[in-house]
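Examination of the molecular architecture
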Amino acid sequence: MKRIPLHQIWYFVFVLSGAVFVFIARSTFNEYILSIINFVGIYIILAVSLNITNGFTGLFSLGHPGFMAIGGYMTSVLTFPVAKKAMFLELPGWLSHLALPFLPALLIGGVCASLTAFVIGVPVLRLRGHYLAVATLGFLIIVQVLITNWESVTRGPLGMNGLPALTHLWWVYAWVVITLYVSWKIKFSSYGRSMLAIREDPLAAQCVGTRLFRTRVVSLALGAFFAGIAGGLWAHLVTAITPASFSLVLAFHIVVMVVVGGSGSISGAFVAAVLFSTITELFRPLEESLDAYGIGEILMALILILILIYRPTGIFGTREPGFLTAKST
Amino acid sequence: MSDSVCLAVNGLEKRFGGVVALTDYDIEIRSGELVGLIGPNGAGKTTVFNLLSGVLKPTRGTIFFKGQDITRFRPDQNAVLGIARTFQNIRLFNALSVKDNIKAALHPHMGCGLWKTVLNVPGYRRSERRIEDKSREFLDLLGLLEVENEPAENLPYGLQRRVEIGRALAVNPSLLLLDEPAAGLNPNETEDLIQTIRTLHQRYNLTIFLVEHDMRVIMTICSRIQVLDMGHILAEGDPVSIRKNSRVIAAYLGQPESSAHA
């Protein structure tokens, strides 16, 4: 009989204990704590998926909330009850009579975000470094402006309220597992190695036969897919969606998670996402009671600066903890 | 087969703005040949390599590889066709392990696409195993098995040069372009390098085109040498005739004030 490798047993242990945790949490914690745990999960999806684009292939993208917004709005329009659609929105005929279940709506949202990434990737990914960061920032602003002005579909700055509260822990953490699985699988595959090679030295990667542009576009689109999913989960967690939610501040949060965790490290993105989203959520009541808003953000910026000074490669560097990776023979 | 033309370059020219880096450059290399390219600093040697590998596009002229016009091909297209290169200033994937450096070069012709990878289909697992085996073949050949899990940036210079050659071999080339492979090596390492190049040349049936400053390397292993100076060809021939060529000597040592000294 073939022995199961130790690292695979660990994956199993993690998924199982996650499932047990979700099960217990749903029956013991109150709504407030549950919503925090949901947000933590959504941040994990965001950080781990940005790590594919930013960490693996080295594309410094600030556009993640833009893809999230596209996925979020798409999913919301698709799940919005038909009766409410007639009241609030002016949609084309076929769409106004359509209300999809959550899963197909989420998937369509993710795919739309991904397709957008393909379209903007063609011009934007010809840029490098700072220019790419600025261009993706521009994309984020364009998305916000479009959403704000396309009132017939998005209700503009008011946003859409009263979305069905479909998101719960099982949804969020199932997607956390899928996101982790996909990025883990890619990182330790031939395809992922060519992504990492591009990050390390694009010219050398191209000279060994890597299709530079295509691989870059794919990694942007892959990150965008999960961002779109996270947007859909987010919208149906807070049961409202406004253009202001998908701001540069959010982009900053996600990028900080990837950088602090260690660009390219999945475990790092995971740990940093848990750490930072818990900090911001825990500080919220304190901020309200002291009437001093922004303590969480200041703390986050402080940690970022300290990490950049004392450990510039992030907590985990580009690696994963040894017990989780296959031993080479 | 050994007489077929591997590389044929005609009237190649490269200008950067008003500067002419290379002009009227021709070369024909038959399959299996081991040809050297020498010349003083700034003669245009690396420009030749950048044009041949597709990193730069020529201003004028044509490049044919095994009868196919590759003048305007991208580096990745050239790599897939079978042209691999190393760089004068080593360009490894620094944070990746030595083994992953080699494996990254195996991906374009042996690896699977994204869907097969994520869905973990049997074809994907087979290709990962083949890549693993193949990478070990090159690691073994270049004596890198002991450091296979080290990040490439941690290796000493001489070993990094070996990794780069291993990575170029992993492209599965028929034409190998080596840009100053002996630069920065000590005499022992240089001796090893000469042996390695000879072994590779025979075992993989390679055509090798080599830029080098170390005359010992060039003179011992090349059957033919081309000399560049100021962007054009100064001389071409076998090692003995190049060594005696007065124009070559002049280009390297400087023009004598007048012939009266001689």
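Preceding block: the structure.
Report on the accompanying structure. (Residues numbered from 1 in each chain as written. Chains lettered and ligands numbered in written order. Predicted model: local features only at pLDDT ≥ 70, side-chain atom pairs only at ≥ 80, totals over all residues. Heavy atoms only, no water.)

Taken together, the contact between chain A and chain B spans 29 residues of the former and 37 residues of the latter. Here chain A meets chain B over a buried area of about 2700 Å², counting both sides, of which 63% is carbon and sulfur. It is R193, C207 and V208 of chain A that lose the most area in chain A upon contact with chain B, and together they represent 24% of the buried surface on that side. Where chain A touches chain B, the interface holds 2 salt bridges. On inspection of chain A and its partner chain B, the count reaches 9 residue pairs in polar contact (both at pLDDT 80 or more). Breaking the side of chain A that touches chain B down by element, the ones donating at least two residues are α9 (169-187), α10 (190-200), α11 (202-207) and α12 (212-238) of chain A. (Contact = heavy atoms within 4.5 Å. Buried area = accessible area lost by both parts, 1.4 Å probe. Salt bridge = Lys/Arg side-chain N within 4 Å of Asp/Glu carboxyl O. Polar contact = N/O pair within 3.5 Å; in protein donor to acceptor, adjacent residues only side chain to side chain. Helix = DSSP H or I, 4+ residues; strand = E, 2+ residues; numbered from the N terminus.)

This part is about unusual backbone geometry. A positive phi angle is found at N172 of chain B, which is not glycine, with a value near 65 degrees. Residue class for N172 of chain B comes out exposed when judged on its relative accessible area of 55%. (Buried < 20%, exposed > 50% of the residue type's maximum accessible area, 1.4 Å probe, protein only.)

Here the focus is helix α1 (residues 6-28) of chain A. Residues and elements named next belong to chain A. Spanning 23 residues, α1 covers 33 Å between terminal C-alpha atoms, matching the ideal 33 Å at 1.5 Å per step. What α1 keeps buried is the set H7, V22 and A25. Against the buried residues of α1 lie α2 (31-56) and α9. (Expected span 1.5 Å × (residues − 1).)

Another point: the packing of aromatic side chains. Aromatic ring pairs are reported here in terms of the distance separating the ring centres and the angle at which the planes meet. In total, this model carries 12 aromatic pairs over all chains according to the counting rule given. Pairing Y11 of chain A with W184 of chain A gives two aromatic rings, centres 5.8 Å apart and planes at 70 degrees, and the pair type is edge-to-face. Taken as a pair, Y11 of chain A in helix α1 and W184 of chain A in helix α9 lie far apart in primary sequence, 173 residues in all. Its relative accessible area of 28% is what places Y11 of chain A among the partly exposed residues. Exposure remark for W184 of chain A: the relative accessible area of 16% places this residue in the buried category. Geometrically, the ring pair formed by F67 of chain A and F139 of chain A is tilted, given 4.8 Å between the ring centres and 35 degrees between the ring planes. In this pair, F67 of chain A is assigned in helix α3 (residues 64-79) and F139 of chain A in helix α7 (residues 129-149), connecting sequence segments 72 residues apart. The pair F67 of chain A / F139 of chain A is uniform in exposure class, with both members buried. A connected cluster of aromatic rings, assembled from ring pairs, spans W10, F14 and F323 of chain A. Over the aromatic face of F213 of chain A sits the side chain of R126 of chain A, whose NZ or CZ is 4.5 Å from the ring centroid. Positioned above the aromatic ring of F93 of chain B, the side-chain terminus of R167 of chain B is 4.6 Å from the ring centre. (Phe/Tyr/Trp six-rings, centres within 6.5 Å; stacked < 30°, edge-to-face > 60°. Lys NZ or Arg CZ within 6 Å of the ring centre and 35° of its normal.)

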